[in-house]
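The primary structure of each chain is shown beneath.
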Amino acid sequence: MTDAVQRHDPSVRGFASDNYAGVHPEILEAIALANGGHQPAYGDDVYTEHLREVFGRHFGPQAEPYPVFNGTGANVVGLQAMTERWESVICAETAHIHVDECGAPEKVAGLKLLTVPTPDGKLTPELIETQAWGWGDQHRAQPRVVSITQSTELGTLYTPEEIRAIVACTRAHGMSLHMDGSRLANAAATLGVPLGALTEGVDVLSYGGTKNGLIFGEAVVVLNPAAVRGVMYLRKAAMQLASKMRFTAVQFEALLSGDLWLRNASHANAMARRLADAVGGSVRISRPVQANAVFAILPREVAERLQKDFRFYTWNEGTGEVRWMTSFDTTAEDVDAFAAAIVAETGGSGR
Ligand SMILES: Cc1ncc(COP(=O)(O)O)c(C=O)c1O
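Parameters and conventions
- Residues numbered from 1 in each chain as written.
- Predicted model: local features only at pLDDT ≥ 70, side-chain atom pairs only at ≥ 80, totals over all residues.
- Heavy atoms only, no water.
- Helix = DSSP H or I, 4+ residues; strand = E, 2+ residues; numbered from the N terminus.
- Rg over C-alpha atoms; globule rule 2.2 N^0.38 Å.
- Buried < 20%, exposed > 50% of the residue type's maximum accessible area, 1.4 Å probe, protein only.
- Areas by Shrake-Rupley, 256 points an atom, 1.4 Å probe, with all protein chains shown as cover.
- Lys, Arg positive; Asp, Glu negative; His and termini not counted.
- Charge placed at Lys NZ, Arg CZ, Asp CG, Glu CD.
- Pairing = 2+ DSSP bridges.
- Axes fitted to C-alpha atoms, helices over the stretch in contact; angles between N-to-C directions.
- Contact = heavy atoms within 4.5 Å.
- Core = buried A, V, L, I, M, F, W, Y, C linked by side-chain atoms within 4.5 Å.
- Domains from an automatic or database assignment.
- Buried area = accessible area lost by both parts, 1.4 Å probe.
- Parallel < 35°, antiparallel > 145°, perpendicular 65-115°, else oblique.
- Left-handed = near helix turned anticlockwise from the far one by under 90°.
- Nonpolar A, V, L, I, M, F, W, Y, C, P; charged D, E, K, R; others polar.
- Polar contact = N/O pair within 3.5 Å; in protein donor to acceptor, adjacent residues only side chain to side chain.
- Right-handed = clockwise from strand over helix to strand, strands pointing away.

In terms of helices and strands, the protein chain carries 13 helices and 11 strands. Its C-alpha atoms give the protein chain a radius of gyration of 21 Å, within 12% of the compact-globule value 20 Å for 351 residues. When burial is assessed residue by residue, the protein chain has 54% of its 351 residues classed as buried. Roughly 15600 Å² of accessible area belongs to the protein chain as shown, and the carbon and sulfur atoms make up 53% of that amount. With 30 positive and 40 negative side-chain charges, the protein chain shows a spacing of 3 Å between the two charge centroids.

Here you go:
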């Protein structure tokens, strides 16, 4: 028996982030399976060896997965492997790499980010063109990589056609494409397509496991080996090489070998849809609901009152935009109770 004490109420869930959720029981089971005995460290274990096959089934036999601890690490290692010291990365102004990584791409990878304002968190060829210039100019950090997020930080997603257009634009300029797929599973679930259908033409993918039900674990997935150099060394240098890697690897095996990734993502998405449908008559939903996030505009005092009972983030203090996020373990009852509180607080007149 453990001496640890349970210090939280496991029946309480909020809408702050899919990172607030616990771990899917099948993942915990898999970790227990990988426990016991000794296995070589730093990825030379039998679970990590099997990962290539696991990822290959989704992304093709050429896919090389490099497990890391977190999404920031995956982005930093992947982007660094794709660029030289004088090169730069074009991304949306709202990209996680720009606003939520404490400057790690700049500090750790030494990268210049060329940001683009977007209406919905999505780049388009036209928007990429606004930064895709200046090659040969010694004064400009040379655009080398385009980075897109799927699904985006604003809960929107790219269709396969939109990605194809970005691939064509990127290639036409001799650049490479990186995808922050922290929530790729949610996008694939909504679109009803295999994960690999959203990465055709992508050179390097940061594949997200944590928000999809793992304890922790993301992977730099190299889809085009010609687009990178030294991933293995950069991962270690960026402090993202786990010694007991078997426990990261076995989580990915449990997530991706069957349909757990899809079950978890579909459920999270369905809960976001349910929430948006339940409150859409009472508040203004401010972004298309396409994955597991709902954005809405609320008067500040209403948001503050609701936040006393339900955790969620105010996304933009200026506009009163809030973000409600669902996860694999959000229940229909959680959503209905929250929706009822929102409707009651706004008196059905928040639109
Ligand atoms: C779009 C996106 N990318 C990457 C990450 C991964 O970040 P972390 O380093 O917290 O795992 C997140 C986490 O919120 C995210 O939303």
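Back to the write-up after that little detour.
Quick look at the sheet that holds strand E9 (residues 293–297) now. Here 4 strands make up an open sheet; going across it, the order is E8-E9-E11-E10 and the pairing antiparallel. Each edge of the sheet is formed by a strand with only one pairing partner; in this case those strands are strand E8 (284–285) and strand E10 (313–316). Sheet analysis places E8 next to E9, joined by 2 bridges and oriented antiparallel. Across the sheet, the residue bridging to Arg 284 is Ile 297, located in E9.

A few words now on the sheet that holds strand E3 (residues 112–116). Taken in spatial order, the 7 strands of this open sheet run E1-E7-E6-E5-E4-E2-E3, and their pairing is mixed. The outermost strands of the open sheet, each flanked by one partner alone, are strand E1 (64–68) and E3. Within this sheet the neighbouring strands show an average axis-to-axis angle of 25°, counted without direction. Helix H7 (residues 160–172) rests against strand E4 (142–149) and strand E5 (176–181) of the sheet, and its axis sits at about 145° to E5.

Let us look at the nonpolar core. If you look at the biggest cluster of nonpolar residues, it comprises 52 residues, and the most contacted ones within it are Leu 123 and Tyr 207. Broken down by element, this core gets its largest block of residues, 6 residues, from helix H10 (residues 246–256). Taken domain by domain, the makeup of this core includes at least three residues from each of domain 1 (38–256) and domain 2 (260–346). The residues contacting Leu 123, other than those within four sequence positions of it, are Ile 90, Cys 91, Ala 92, Val 116, Thr 118, Ile 128, Val 146, Ser 147, Ile 148, Tyr 158 and Ile 166.

What follows covers the domain arrangement of the protein chain. Many structure descriptions define interface size as the accessible area lost when the parts assemble. Split by domain assignment, the protein chain resolves into domain 1 (38–256) and domain 2 (260–346). The straight-line distance from the C-alpha centre of domain 1 to that of domain 2 is 27 Å. Contacts between the two partners involve 21 residues from domain 1, matched on the other side by 18 residues from domain 2. Summed over both partners, the interface of domain 1 with domain 2 comes to about 1600 Å²; 57% of that surface belongs to carbon and sulfur atoms. Considering only the surface of domain 1 that becomes buried against domain 2, Leu 154, Gly 155 and Asn 186 emerge as the three largest contributors, covering 29% of it.

Look at helix H11 (residues 260–279) against helix H13 (residues 332–346): their axes get within 9 Å of each other, and the N-to-C directions meet at 25°. With respect to H13, the axis of H11 lies roughly parallel. As for how H11 packs across H13, the hand of that crossing is right-handed. Counted together, Met 271, Arg 274, Leu 275, Ala 278 and Val 279 of H11 and Ala 332, Val 335, Asp 336, Phe 338, Ala 339, Ile 342 and Val 343 of H13 form the full contact between these two elements. When the residues that make up the contact of H11 with H13 are grouped by side-chain class, the tally is 10 nonpolar, no polar and 2 charged.

Turning our attention to the side chain of Thr 326. Within the secondary structure, Thr 326 is located in the loop between strand E11 (321–325) and H13. There is a polar contact of 2.7 Å between the side chain of Thr 326 and the backbone oxygen of Ala 268. Once you skip the residues sitting within four places of it in the chain, Thr 326 turns out to touch Phe 15, Asp 18, Ala 268, Met 271, Ala 272 and Asn 292.

Residue position: Gly 155 is located in the loop between E4 and H7. In this view, Gly 155 contacts Pro 288, Gln 290, Ala 291, Ala 293 and Phe 295; residues no more than four positions away in its chain are not counted.

What follows covers the pairing of E5. Counting buried residues along E5, 6 of its 6 residues qualify, which places the element largely inside the surrounding structure. Burial along E5 is two-sided: the face carrying Ser 176, His 178 and Asp 180 and the face carrying Leu 177, Met 179 and Gly 181 are both buried. For E4 and E5, the ladder comprises 5 bridges, and the chain directions are parallel. The residue bridging Val 145 from the neighbouring strand is Ser 176, located in E5. Between the parallel pair E4 and E5, the chain is carried across by H7, and the sense of this crossover is right-handed. As paired strands, E5 and strand E6 (residues 204–208) are joined by 4 bridges and run parallel to one another. For Gly 181, the partnering residue across the bridge sits in E6 and is Tyr 207.

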